[in-house]
Amino acid sequence: MTASASSAEPASPDAVLIRRTMAEIEPVADKVTSYFYALLFVQYPDLRALFPASMDTQRDRLFKALLTAAQHVDDADVLTAYLANLGRGHRKYGTQPDHYPAVGECLLSALARYATSSWGPETQAAWVRAYTAISQIMIDAAAEDEAVAPAWWQAEVVSHELRTPDIAVVTVRPDQPYPFLAGQYTSVETPWWPRIWRHYSFASAPRSDGLLSFHVKAVPAGWVSNAMVHRARPGDVIRLGAPGGSMTIDHTTRSGLLCVGGGTGIAPIKALVEDVAEHGVRRPVEVFYGARSNEDLYDLDTMLRLEQAHPWLSVRPVVATGPAVRGGTSSETGQLPDAVRQYGPYREYDAYLSGPPGLIRSGVDALVGVGIPTDRIRHDSIEELVSAGD
């Protein structure tokens, strides 16, 4: 493990011990997490009800959370922000403060079993201190959040439009006001797969009628996405978690916006365009909308209507294969990052990037290549996008 990038100070003794443990168990992470959950459910069977039927994704998430905490154990600001978000998010699973000691006890037992070389009284004491601090941050954040927001919102499906055989635009009406900003996302749980939550971006800016829309692509073996595309119908009720994500617009500046959306990643881009329009400040907005083929540009008509209504908006469709699409400021054939590189430079622009994890990685490189500093490139975290993939 390396020290947190934001800290130039030498690692604390506890951080050294914790990272040593993580380095030792990393090659057997699957075994450690499986053993931890087996222990937890045998010793505290009541807690099984808090977890989804399929534990595959859950095991990955536990290890990622441990890894993140270990990397930032000496960086209080980063650690607190990360854990507070985690604590708030855990409310929708029904997590209570008295669940944390049980989890800590089983976690330490699992680490002790597999980190045989690095484990000892000093290491155990370091983990106890770290876990105590971690759990308190999460408990406090959940308690603060409970005072101002529900653990989840019920939302009734009011329309379901199949745009392609595997992409649906789903609009829902929450049971109480839902506060969010354009560019953010939420977590969704369907009635068919309890306790399995997946992230989806809002496909519009906040609306006066309070309705929320999502663009959902059914992916192979994706429990939530397949349910949302192929099973959900008007009248069904889903659950929404709290809004998250920082892919929002700074309305105190007049900088141009360079927006790159691939596939259903066009959903938050559309929301950002609407947000700019509602604020009434003319600022140039360039949208690159990419898909595999012409047929996969399922929301192009909407984007072109927005372009016709707003002189400051340029929409450039990009398809990986087949002829270039008609319509828009211009259209391209090829990979989305390559298309972005053909234009610019965009040194005075803020960039917004949305789509699958692979596009985010290659897209950041392309945006830096057209002159945008990394601190002006916004996208959702790769980890969140991976968990949203089904």
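Note that residues are indexed from 1 along each chain, following the sequence as it is written. Totals for whole chains, interfaces and linings use all residues, but because this is a predicted model, local features are given only for residues with pLDDT of at least 70 and pairs of side-chain atoms are given and counted only at 80 or more. The side-chain numbers reported here are obtained from all heavy atoms of the structure, hydrogens and water having been left aside.

As annotated in an unreviewed UniProt entry, the protein chain carries the name nitric oxide dioxygenase and is attributed to Streptomyces glebosus.

**Remarks on the packing of helix α1 (residues 13-25) against helix α6 (residues 121-146)**
For clarity, the threshold we go by: Helix axes are fitted to C-alpha atoms over the stretch in contact, other axes to C-alpha atoms as well, and angles between N-to-C directions run from 0 to 180 degrees. Helix numbers and strand numbers start at the N terminus; a helix is a DSSP run of H or I with at least 4 residues, a strand a run of E with at least 2. Small angles under 35 degrees read as roughly parallel and large ones over 145 as roughly antiparallel, with 65 to 115 read as roughly perpendicular and the rest as oblique. Two residues form a contact once any of their heavy atoms are found within 4.5 Å. Amino acid classes used here: Ala, Val, Leu, Ile, Met, Phe, Trp, Tyr, Cys and Pro are nonpolar; Asp, Glu, Lys and Arg are charged; the rest, including Gly, are polar.
The contact between α1 and α6 brings their axes to 9 Å, and the two run at 100°. One element, α1, and the other, α6, form an angle in the roughly perpendicular class. Where α1 approaches α6, its residues Asp14, Leu17, Ile18, Thr21 and Met22 are matched on the opposing element by Glu122, Thr123, Ala126, Trp127, Arg129 and Ala130. Split into classes, the residues belonging to the contact of α1 with α6 amount to 6 nonpolar, 2 polar and 3 charged.

**Topic: the packing of helix α2 (residues 29-43) against helix α3 (residues 56-71)**
Each pair of packed helices gets described by two things: the angle between the helix axes and the distance between those axes. In the contact formed by α2 and α3, the axes pass within 10 Å of each other and the chain directions differ by 105°. The orientation of α2 relative to α3 falls into the category roughly perpendicular. Of the residues in α3, those in contact with Ala29, Thr33, Ser34, Phe36 and Tyr37 of α2 are Gln58, Arg59, Leu62 and Phe63. Each residue belonging to the contact of α2 with α3 can be placed in one class, and the counts come to 5 nonpolar, 3 polar and 1 charged.

**Points about the nonpolar core**
Note the cut-off: The definition of a nonpolar core used throughout is a set of buried Ala, Val, Leu, Ile, Met, Phe, Trp, Tyr and Cys residues joined through side-chain atoms within 4.5 Å. Between buried and exposed lies partly exposed: a residue is buried under 20% and exposed over 50% of the maximum accessible area for its type, with that area taken using a 1.4 Å probe on protein chains only.
Among the nonpolar cores identified, the biggest contains 39 residues, and Met22, Phe36, Tyr37, Leu40 and Trp127 are the most heavily contacted of them. Those elements giving two or more residues to this core turn out to be α1, α2, α3, α4 (76-89), α5 (100-114) and α6. Core analysis: the second largest hydrophobic core is formed by 29 residues, Ile266, Val276, Leu313 and Val315 among them.

**Notes on the domain arrangement of the protein chain**
Let me state the cut-off plainly: Where each domain starts and ends follows an automatic or database-derived domain assignment. Salt bridge criterion: a side-chain nitrogen from Lys or Arg within 4 Å of a carboxyl oxygen from Asp or Glu. Side-chain atoms alone can form a polar contact between residues adjacent in sequence; in general such a contact is a pair of N or O atoms within 3.5 Å, and within protein one must be able to donate a hydrogen while the other accepts it.
Along its sequence, the protein chain is carved into domain 1 (5-146), domain 2 (153-240) and domain 3 (256-386). Computed from C-alpha coordinates alone, the two centres of domain 1 and domain 2 are separated by 30 Å. Contacts between the two partners involve 9 residues from domain 1 and, on the opposite side, 7 residues from domain 2. The tally of links from domain 1 across to domain 2 stands at 0 salt bridges. Taken together, the connections running from domain 1 to domain 2 amount to 2 residue pairs in polar contact (both at pLDDT 80 or more). Across the side of domain 1 that touches domain 2, the residue classes break down as 5 nonpolar, 2 polar and 2 charged.

**A closer look at the UniProt feature "domain: Globin" (unreviewed entry) in the protein chain**
Heads up, the condition is: UniProt positions are given in the numbering used here, feature names are shortened, and annotations may be inferred rather than shown by experiment.
Under the present numbering, the feature "domain: Globin" (unreviewed entry) in UniProt falls on residues 9-143. The span residues 9-143 carries 71% helix and 0% strand; its end-to-end C-alpha distance comes to 32 Å.

**Remarks on the UniProt feature "domain: FAD-binding FR-type" (unreviewed entry) in the protein chain**
Under the local residue numbering, the UniProt record ascribes the feature "domain: FAD-binding FR-type" (unreviewed entry) to residues 150-250. Across residues 150-250 one finds 9% helix and 40% strand; the C-alpha atoms that close the span lie 27 Å apart.

**Some words on empty space enclosed by the protein**
Condition: Space inside and on the surface of the protein is sampled on a 1 Å grid over the protein atoms alone, with a cavity defined as a set of points where a 1.4 Å probe fits but cannot get out and a pocket as an open set with protein on both sides within 12 Å along at least 5 of 7 lines; lining residues have an atom within 4 Å of a point. Grid points are joined across faces, edges and corners, and a volume is the space filled by probe spheres set on the points.
Enumeration according to the criterion identifies 1 cavity of 30 Å³ or more in this entry. The computed volume of the largest cavity comes to approximately 30 Å³. Forming the boundary of the largest cavity are Val260, Leu336, Pro337, Val340, Leu353, Leu359, Gly363, Ala366 and Leu367. Those elements that provide at least two residues to the lining of the largest cavity are α10 (336-341) and α11 (357-369). By residue class, the composition of the lining of the largest cavity is 8 nonpolar, 1 polar and no charged.

**Let's talk about the side chain of Arg283**
Which entries qualify depends on this criterion: We score Asp and Glu as negative and Lys and Arg as positive, and we do not count His or the chain ends.
The topology assignment puts Arg283 in the loop between α8 (266-279) and β8 (285-291). Buried and unpaired, Arg283 has Asp350 as its nearest opposite-charge partner, separated by 4.3 Å. A distance of 3.3 Å separates a polar side-chain atom of Arg283 from the backbone oxygen of Thr253. Among the polar contacts made by the side chain of Arg283, one reaches the main-chain carbonyl oxygen of Ser255 at a distance of 2.8 Å.

**Focus on the sheet that holds strand β10 (residues 332-333)**
Our working definition: Two strands are said to pair when DSSP picks up at least two bridges between them.
Taken in spatial order, the 6 strands line up as β10-β9-β8-β7-β11-β12 in an open sheet, and their pairing is parallel. Looking at which strands have only one partner, the edges of the open sheet turn out to be β10 and β12 (377-378). Bridge count between strand β7 (residues 256-262) and β8: 6 bridges; the pairing is parallel. In the sheet register, Gly261 faces β8, and the bridge partner there is Tyr289.

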